[in-house]
Amino acid sequence: MRGITFRVSPAMLVFNCVWSITGDLGSVRLPPETRNLFLSGPVIPRDETAWHLAGRDFDLRFRAWGFTFYLRRPPRYGRWVA
């Protein structure tokens, strides 16, 4: 068996100047469980970018100028065994 060591940290994305929000909210479960975040359009500097955020019981599409990435705690080592 082989193991892989990696660092993991809770993180948060904060989108800047969000507009044109569309999609479905199947239910409001807290905390929301995000499964995928896709870039669904071209990246144009200083212009709008289209995003697709999919999760458990929700599917949202929106436009934003960008995002800021925050680490909420320092990274810690994790281990995965194959």
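Structural data are supplied above this passage.
So, here is what we can say about the structure in this document. (Residues numbered from 1 in each chain as written. Predicted model: local features only at pLDDT ≥ 70, side-chain atom pairs only at ≥ 80, totals over all residues. Heavy atoms only, no water.)

Some remarks on the packing of aromatic side chains
Turning to step 1, where the next piece is worked out: According to the stated counting rule, one finds five aromatic pairs in the structure shown.
Turning to step 2, where the next piece is worked out: On the numbers, 5.7 Å between centres and 75 degrees between planes, the contact of tryptophan 51 with phenylalanine 67 is edge-to-face. With tryptophan 51 in strand β5 (residues 49-55) and phenylalanine 67 in strand β7 (residues 66-71), this pair connects stretches of sequence that are 16 residues apart.
Turning to step 3, where the next piece is worked out: Of the aromatic side chains, those joined through ring pairs into one cluster are Phe15, Trp51, Phe62 and Phe67. (Phe/Tyr/Trp six-rings, centres within 6.5 Å; stacked < 30°, edge-to-face > 60°. Helix = DSSP H or I, 4+ residues; strand = E, 2+ residues; numbered from the N terminus.)

Remarks on the pattern of salt bridges
Turning to step 1, where the next piece is worked out: Under the criterion given, the structure shown has two salt bridges.
Turning to step 2, where the next piece is worked out: Of the charged contacts, one joins glutamate 33 and arginine 35 as a salt bridge, the two residues approaching to 3.3 Å between their closest N and O atoms.
Turning to step 3, where the next piece is worked out: Overall, the relative accessible area of 37% leaves glutamate 33 in the partly exposed class.
Turning to step 4, where the next piece is worked out: Owing to a relative accessible area of 53%, arginine 35 belongs among the exposed residues under this scheme.
Turning to step 5, where the next piece is worked out: Glutamate 33 is paired through a salt bridge with arginine 56; the nearest N and O atoms lie 3.7 Å apart. One end of the pair, glutamate 33, is in the loop between β3 (19-25) and β4 (34-39); the other, arginine 56, is in the loop between β5 and β6 (58-64), and 23 residues separate them in sequence.
Turning to step 6, where the next piece is worked out: Overall, the relative accessible area of 39% leaves arginine 56 in the partly exposed class.
Turning to step 7, where the next piece is worked out: One network of salt bridges, with partners in common, ties together Glu33, Arg35 and Arg56. (Salt bridge = Lys/Arg side-chain N within 4 Å of Asp/Glu carboxyl O. Buried < 20%, exposed > 50% of the residue type's maximum accessible area, 1.4 Å probe, protein only.)

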